[in-house]
Amino acid sequence: MADTAHTWDEECDVLVVGSGGGALTGAYGAAARGLDTLVVEKTRYFGGTTAYAGAGLWLPGNQAQARAGVEDSAELGRAYFRAVVGDATEHPLQDAYLDHAADTVAFLEANPHVRFEYRPFPDYFPAPGRADTGRAVFPVDLPAPDGAPALLAAVRPPAWAERLGLATPEGPFTDGRALIARLLLALESTGHARTLLGTPLTRLVTEDGAVIGAEAERDGRTLRIRARRGVLLAAGGFEANAELRRAWQELPGADWTMGAPGGNTGDAITAATEAGAALAGLDQSWWCPSLRFPDGSAAFTLGLHGGIFVDGSGRRFANESLPYDRMGRQLLAAKAGTSHDNPVWWVFDDRFGDELPGITVVPADRAAFTEAGLWRTADTLAALAERIGVGAEALCDTVRVFNGHAQRGVDADFHRGEDPYDRFFARGDGPNPCLVPISDGPFHAVQIVLGDLGTKGGVRTDAEARVLREDGAPIPGLYAAGNTTASVAGPHYPGPGVPIGSAMVFGHVAAVHMAF
Ligand code: FAD
């Protein structure tokens, strides 16, 4: 439908919706080329889920890897990506990601505020071209405050601080917060950008099938914004929208996402759909096993160095050291931990004290978990089985078999410890460091559910980050990046940093297309 009443409250060349890694890379790319750029962000903070992230960036063959002496290239990355993702997504889209990964880093690092460094973190699949010690780069920590204190004060706090209601820590910006802070400083340094927090996009404005602007809410009124070159939608997925998660993902709701609160309810996907966009991959998320919390939420859990996962039958069903998205897919396949009716329990012995034998991005307080019934303890395995509602014989048998695997150093059932990723987090001192016996009572169990780091189905895009209609034609003036789009990785998570890395590349590509 054409919008004919062209009265505008704001005008810009490029309107960017959202303020995660893809959005700010796109905004910087446009503003650095002299385009008048406006960023609108729904919440009171910049950064979205990107600010919560470790901010590993999977960008093969980039100059930060080269500085660290890591041998990599777009070709090696392509061989690996293709081997993992195959035909699940369009090859030109995959090629655009690989071909522009290194340029994106070079372009960003040309601004003195932006700097990346290599840190080891293995790729997630055994496939040709894999980097066993990893190829991801991370933003260098940023001392705080380093200029623009008001801008930096608005960067979203770390996940653990926000979830536990604690103050944002003093000290340098690290990980995803460092990425967001650095990109904001770069954006500001262009002199061509403005940012509006608390300003959610509500709809796109079209004329003759082209997007010419958008409407957003600000202070209770509608702001009509003209965008002369285009609109970049980088407003995350729909992970916080319980209704859409039930409809598109058959999940009980949105409580277990690790996505930042208050923002990602699929608004940009809905607005683009109304403007004619085609959708794909709506059943997909960046999955992860997650620790269930007393308040009903759940927290991303990775890097197990002890314990096993058992389902309602008291049996193991997967290699617990799998990369988190692959473990999430095992939970889905086993229909375990996917609803309130099919719990999974992480069972371990007493050698870890009050700590969990793995990394949870929000720390668990044992006393509070115990009181809520989410951390159960018993002197014997049979008693623990009763406490978690699984058969005692089954649980005792599972642990006996697992302890035999640990003694021999071979997980004959699920091959735990055979992959470099498994061993990256291992701390055991037996013949297989990933297999730590469960033998020192009392015994413990905490509840694990299927969580996610964001959904990754959405609008279909092409190699120029243009949003496509059902017939495959681009919608003039409309671009998208990140979890607003149907991911270039389809139903796979090839390695650390594909979500934000690909969002940044397509943000960059969109800016180039709008500029030239
Ligand atoms: P976001 O970063 O969430 O940004 C979207 C923004 O859009 C939000 O600020 C939101 O408020 C805003 N928005 C929503 N609707 C509107 C609207 N209507 N108008 C205006 N603004 C709107 N990925 C990696 O690649 N590497 C990692 O190391 C990594 N580690 C992770 C660790 C954790 C703990 C978590 C939770 C995730 C991690 N991820 C990682 C996943 C990754 O963070 C997300 O998938 C990714 O950041 C999503 O980027 P995005 O730009 O699509 O969305």
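These numbers come from a predicted model, not from an experiment. (Residues numbered from 1 in each chain as written. Predicted model: local features only at pLDDT ≥ 70, side-chain atom pairs only at ≥ 80, totals over all residues. Heavy atoms only, no water.)

1. As for the site of the ligand
Okay, so step 1: Taken together, 37 residues lie around the ligand, and Glu 41, Thr 50, Asn 264, Asn 483 and Ile 500 are the ones closest in.
Okay, so step 2: A distance of 3.3 Å is found between an oxygen atom of the ligand and a backbone nitrogen or oxygen belonging to Gly 48.
Okay, so step 3: Contact with the protein chains hides 97% of the accessible area of the ligand, taken as 990 Å² for the molecule alone.
Okay, so step 4: When residues of the shell around the ligand are assigned to their parent elements, the largest contribution, three residues, is made by helix α15 (residues 498–515).
Okay, so step 5: For the shell around the ligand, the class distribution of residues is 17 nonpolar, 17 polar and three charged. (Near = heavy atom within 4 Å. Polar contact = N/O pair within 3.5 Å; in protein donor to acceptor, adjacent residues only side chain to side chain. Areas by Shrake-Rupley, 256 points an atom, 1.4 Å probe, with all protein chains shown as cover. Helix = DSSP H or I, 4+ residues; strand = E, 2+ residues; numbered from the N terminus. Nonpolar A, V, L, I, M, F, W, Y, C, P; charged D, E, K, R; others polar.)

2. Topic: a nonpolar patch on the surface
Okay, so step 1: A grouping of Trp 160, Leu 164 and Leu 166 is seen on the molecular surface, where their side chains present a nonpolar patch of about 260 Å² in accessible area.
Okay, so step 2: By the secondary structure assignment, Leu 166 is in the loop between α6 (159–164) and α7 (175–190).
Okay, so step 3: In this structure Leu 166 comes out as partly exposed when scored by relative accessible area, which is 46%. (Patch = residues over 30% accessible without salt bridge, like charges linked within 9 Å, V, L, I, M, F, W, Y side chains within 5 Å. Salt bridge = Lys/Arg side-chain N within 4 Å of Asp/Glu carboxyl O. Buried < 20%, exposed > 50% of the residue type's maximum accessible area, 1.4 Å probe, protein only.)

3. Some points on the nonpolar core
Okay, so step 1: Formed by 107 residues in total, the largest nonpolar core has its most connected members in Phe 81, Tyr 97, Phe 116 and Tyr 324.
Okay, so step 2: Per-element accounting of this core gives the leading share, 10 residues, to α15.
Okay, so step 3: Beyond its immediate chain neighbours, meaning those up to four positions away, Phe 116 contacts Leu 57, Ala 64, Arg 67, Val 105, Leu 108, Glu 109, Val 137, Phe 138, Pro 139, Val 140, Leu 179 and Met 504.
Okay, so step 4: With 26 residues, the next largest nonpolar core counts Cys 12, Leu 196, Val 459 and Val 467 among its residues. (Core = buried A, V, L, I, M, F, W, Y, C linked by side-chain atoms within 4.5 Å. Contact = heavy atoms within 4.5 Å.)

4. Side note on the layout of surface pockets
Take a probe with the size of a water molecule and roll it over the atoms, and the empty space left behind shows itself.
Okay, so step 1: By volume, the second largest pocket is sized at about 270 Å³.
Okay, so step 2: The wall of the second largest pocket is formed by 16 residues, among which Ala 88, Thr 89, Ala 280, Ala 486 and Ser 487 lie closest to the centre. (1 Å grid on protein atoms, 1.4 Å probe; cavity = no way out; pocket = protein on both sides within 12 Å on 5 of 7 lines; lining within 4 Å. Points joined across faces, edges and corners; volume = space filled by probe spheres on them.)

5. Regarding empty space enclosed by the protein
Okay, so step 1: Under the counting rule described, the total for this entry stands at two cavities of 30 Å³ or more.
Okay, so step 2: Here the largest cavity is characterised by a volume of approximately 100 Å³.
Okay, so step 3: Surrounding the largest cavity, 15 residues form its lining, Gly 482, Thr 485, Ser 487, Val 488 and Ser 502 being those nearest its centre.
Okay, so step 4: For the lining of the largest cavity, the element with the most residues is α15, which contributes four residues.
Okay, so step 5: When its residues are assigned to classes, the lining of the largest cavity shows nine nonpolar, six polar and no charged.
Okay, so step 6: Estimates place the volume of the second largest cavity at around 80 Å³.
Okay, so step 7: Only β11 (298–302), α10 (324–333) and α14 (420–424) provide two or more residues apiece to the lining of the second largest cavity.
Okay, so step 8: Here the lining of the second largest cavity is composed, by residue class, of 10 nonpolar, three polar and two charged.

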